Amino acid sequence: MKLEVDAGRLSREIDELAAITADEPPAVTRVVFTEPDLHARAWLKARCRDAGLVIRDDAVGNTFIRWQGSRSDLPAVATGSHIDAIPNAGKFDGVVGVLGGLEAIRALQRAGFAPERSIELIQFTAEEPTRFGVGCIGSRLMAGVLGPEADEKLRGADDETLHMARTGAGFAGDLGTVRLAPGHYAGFVELHIEQGPVLEREGIDIGIVTNIVGPASFFMTLEGQGGHAGGVLMPDRHDALCAAAELIVKIEALARGSGSADTVATTGICDVHPGAINSIPSRVKLGIDLRDTDGKRRDRVLEGIKSAAIEIAQQRQIQIATQMLNADEPAASSAEILEAIARACAEEELKSRRIVARAYHDSSFMAQIAPMAMIFIPCRGGVSHRPDEYASIEHIAGGVRVLARTLADLSGAH
Ligand SMILES: [Zn+2]
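Every value quoted in this text rests on a predicted model; they were computed, and no experiment measured them.

I'm lost on empty space enclosed by the protein in this one. Help?
One simple way to see leftover space: roll a probe sized like a water molecule over the atoms. Here the structure, examined in full by the defined rule, presents one cavity of 30 Å³ or more. Of the pockets and cavities examined, the largest cavity occupies roughly 30 Å³. Around the largest cavity, the lining residues are Arg30, Val31, Val32, Asp84, Ala85, Glu128, Thr130 and Arg131. Residues belonging to the lining of the largest cavity are distributed by class as follows: three nonpolar, one polar and four charged.

Dropping the structure here:
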């Protein structure tokens, strides 16, 4: 099959979508269910209708854009990503997978390909956690990782519930209907920028994602005793910040010592109370992010961090409380889809390597209900979530060709 991607049109579409932003371009800000998000969704649907595709929204605003195959009795093959963007983001994160997915379908249409299994492009609601503090809301609901209770439980600023936000945006209905049965899709493939430096550094066109890490995040609050920085002598102190410093370094050591470079731990928040130069810190809140490709190994490190906290608390006679925010499962790609992607790279004569995805993706949750894999393309300097995020149209077009061939392969070729 001869496959041609319309790189010029795709590039223009990426720019048009980037212009729908709550910020001054080139900064892209499209928080879920805000006016720019709804505008972007309408814009996308118009392009999909032009391609003759059938469009359906579910109760949380996930959009399913279907190219009907000849075998409607068989589960469809799906691709997709997100078009929401954190404040002050760039124009490629998520968008490459959505507009690239659309162009993959159009390229297959132009090539005269007739799918057996239907091919669906999914635009997922709220991949970014900006509004509700939890990311991948659409795919979590689809996979049943989040249940219908999320409607009232998830809250944004001013205590606005997910229910209020989604119905306000025009997505009504029972949230329970968003869930899809395992087997609903025969496979799911997401095209995405790497958001890391590996592919660019090694001059590789395509990253074939074998695993997506499972992230856990949690707060640890240390309660010591405050006091006057002059009046309280050292033997009498229970300084919460000194205890936190010890704990932070221990967290780093535990991650380094896990036995795998895939274990990463970051203490990204350190709130000190009362935060005065002449006052002993009485309370410190640490925000910690821990990720690994192996869920069991991650949980061992997590237990290690908790025991270290207990030990430090005893030695320094302070209190430490842990509040888990989330602990999501890592995902492994489907061997069959990995092979299909590798074949597509060979046909397109693109250089590829296997790679681990280290950020959140909707694919992590789709993996719970369908065989899954991801296709990465390089991005400049590994930079993402910034206005200067950049991927060349050559790399994007290469990714789209690989995606198109993979979808064709999985849908049953004709
Ligand atoms: Zn993304």
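How should I be thinking about helix α12 (residues 393-411) in this particular structure?
Residues spaced three or four apart along an α-helix face the same direction, because each turn holds 3.6 residues. Taking 1.5 Å of rise per residue, 19 residues should cover 27 Å, and α12 covers 26 Å from first to last C-alpha, within 8% of that figure. Most of α12 is tucked away: 14 of the 19 residues are buried. In the stretch just after α12, glycine 412 is the one whose phi turns positive, near 90 degrees.

Explain the pattern of salt bridges to me, please; I cannot follow it from the model alone.
All chains considered together, the criterion is met by 28 salt bridges. The partner of arginine 110 in a salt bridge is glutamate 103, with the nearest N and O atoms 2.6 Å apart. For glutamate 103, a relative accessible area of 0% translates into the label buried. Note that arginine 343 and aspartate 409 form a salt bridge whose closest N and O atoms lie 2.8 Å from each other. Of this pair, arginine 343 sits in helix α10 (residues 335-347) while aspartate 409 is found in helix α12, placing the two residues 66 residues apart along the sequence.

About the cut-offs
Residues numbered from 1 in each chain as written. Predicted model: local features only at pLDDT ≥ 70, side-chain atom pairs only at ≥ 80, totals over all residues. Heavy atoms only, no water. 1 Å grid on protein atoms, 1.4 Å probe; cavity = no way out; pocket = protein on both sides within 12 Å on 5 of 7 lines; lining within 4 Å. Points joined across faces, edges and corners; volume = space filled by probe spheres on them. Nonpolar A, V, L, I, M, F, W, Y, C, P; charged D, E, K, R; others polar. Helix = DSSP H or I, 4+ residues; strand = E, 2+ residues; numbered from the N terminus. Expected span 1.5 Å × (residues − 1). Buried < 20%, exposed > 50% of the residue type's maximum accessible area, 1.4 Å probe, protein only. Salt bridge = Lys/Arg side-chain N within 4 Å of Asp/Glu carboxyl O.

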